[in-house]
Amino acid sequence: ALREALTSAATDTGQRAFYDTFRRLVASAHDGHGFVGMASYDGYATPPILADWVEKKLIVIQTGPDMLKPRPGDEILKIDGKPVADLWRHEEPLIAGATEQWRRYRGASLLLQGANGSEAKIDGITNAGEFYSITLMRSLGNAIAEARPKPIEELKPGIWYVDLDAGRAKMDAYNNALPNLEKAKGIVFDMRGYPNDVAMDV
């Protein structure tokens, strides 16, 4: 992998090509902790939508306020005129990860990213089968945090939720909730993200 990367780097034209060569090298380690950043790269802005993979289709799961389209549940077919499947075939080899699930998790946002202030043309289809095209502005201020319950919450009588992502459920709150969790009919442990101290205890 190193020899291939050095050969590519020697002939890369432009910073973006060199950036992708470096990403491909790091991705070859198949380690989800791997990440390559470039200070001069202005491509991290997103449109005001959050998408995730559902049966290998890129589906809108949240949007900014007062948006008519796209809506949660819509499938994104093309981004800037390129089919999502083609974009993913190009992007996946550049994402460091031990599993396809992790690469897709990181790739869902990467496919939508671009320069701050640039336009993102989205071709989508609704659940009712209506095709549409819409142009959205990318911005560094558009990042949408996925809506989740409180870090520790009783969702329904006897059914509890515990978020194991770092920065969410705290050990003190978890210990205080243990009497209720011990009597629970069921517990949902949300393991999306990076595990916290509570995850180590569980």
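Preceding this paragraph is the structure being described.
The rules behind these values
- Residues numbered from 1 in each chain as written.
- Predicted model: local features only at pLDDT ≥ 70, side-chain atom pairs only at ≥ 80, totals over all residues.
- Heavy atoms only, no water.
- Helix = DSSP H or I, 4+ residues; strand = E, 2+ residues; numbered from the N terminus.
- Buried < 20%, exposed > 50% of the residue type's maximum accessible area, 1.4 Å probe, protein only.
- Salt bridge = Lys/Arg side-chain N within 4 Å of Asp/Glu carboxyl O.
- Pairing = 2+ DSSP bridges.
- Axes fitted to C-alpha atoms, helices over the stretch in contact; angles between N-to-C directions.
- Contact = heavy atoms within 4.5 Å.
- Core = buried A, V, L, I, M, F, W, Y, C linked by side-chain atoms within 4.5 Å.

A. Quick peek at unusual backbone geometry. For the bond from Lys-69 to Pro-70, the omega torsion is -10°, close enough to zero to count as cis. Mapping Pro-70 onto the fold places it in the loop between strand S2 (57-63) and strand S3 (75-79). Even without glycine at this site, His-30 takes up a positive phi of about 55°. Structurally, the position occupied by His-30 is in the loop between helix H2 (15-27) and strand S1 (49-54). Judged by its relative accessible area of 52%, His-30 falls in the exposed class. One non-glycine residue with positive phi stands out, namely Glu-55, at about 50°. Along the chain, Glu-55 falls in the loop between S1 and S2.

B. Just the pattern of salt bridges, in detail. Under the defined criterion, the tally for this structure stands at 15 salt bridges. Measuring nitrogen to oxygen at the nearest pair gives 3.0 Å for the salt bridge that ties Asp-163 to Arg-148. In this pair, Asp-163 is assigned in strand S8 (residues 159-163) and Arg-148 in the loop between strand S6 (131-137) and strand S7 (152-156), connecting sequence segments 15 residues apart. Judged by relative accessible area, Arg-148 falls into the partly exposed class, the value being 23%. Between Asp-190 and Arg-148 there is a salt bridge whose closest N-O contact spans 3.9 Å. With Asp-190 in strand S9 (residues 186-190) and Arg-148 in the loop between S6 and S7, this residue pair connects regions lying 42 residues apart in the sequence.

C. Representation of the sheet that holds S9 in the model. Taken together, the 3 strands give an open sheet; going across it, the order is S7-S8-S9, and neighbouring strands pair in mixed fashion. For this open sheet the edge positions go to S7 and S9, each flanked by a neighbour on one side alone. Looking at each pair of strands side by side, their axes are set apart by 25° on average, direction ignored.

D. Just the environment of Ile-61, in detail. Within the secondary structure layout, Ile-61 lies in strand S2. Relative accessible area serves as the criterion here: at 32%, Ile-61 is assigned to the partly exposed category. Residues contacting Ile-61, with those up to four places away along its chain left out, are Leu-50, Ala-51, Asp-52 and Pro-72.

E. Representation of the nonpolar core. Of all hydrophobic cores here, the largest spans 18 residues; its most connected members are Leu-58, Ile-76, Ile-79 and Leu-111. Elements that contribute at least two residues to this core include exactly S1, S2, S3, helix H3 (84-91) and strand S5 (119-125). In terms of nonpolar packing, the next biggest core, distinct from the first, is built from 10 residues, Val-162, Leu-164, Ala-177 and Ala-199 among them.

F. Examining the pairing of S6 more closely. As defined by bridge partners, S5 adjoins S6 across 7 bridges and the pair is classed as antiparallel. For Ala-120, the partnering residue across the bridge sits in S6 and is Leu-136. What sits between the antiparallel neighbours S5 and S6 is a turn of 5 residues, in which Gly-129 has the positive phi angle 90°.

G. Looking closely at the environment of Ile-76. Here Ile-76 shows up in strand S3. Judged by relative accessible area, which is 2%, Ile-76 ranks as buried. For the pair Ile-76 and Thr-21, spaced 55 residues apart in sequence, the C-alpha separation works out to 28 Å. With sequence-adjacent residues up to four places away left out, Ile-76 is seen in contact with Ile-49, Ala-51, Leu-58, Val-60, Val-84, Leu-112, Ile-122, Asp-123 and Gly-124.

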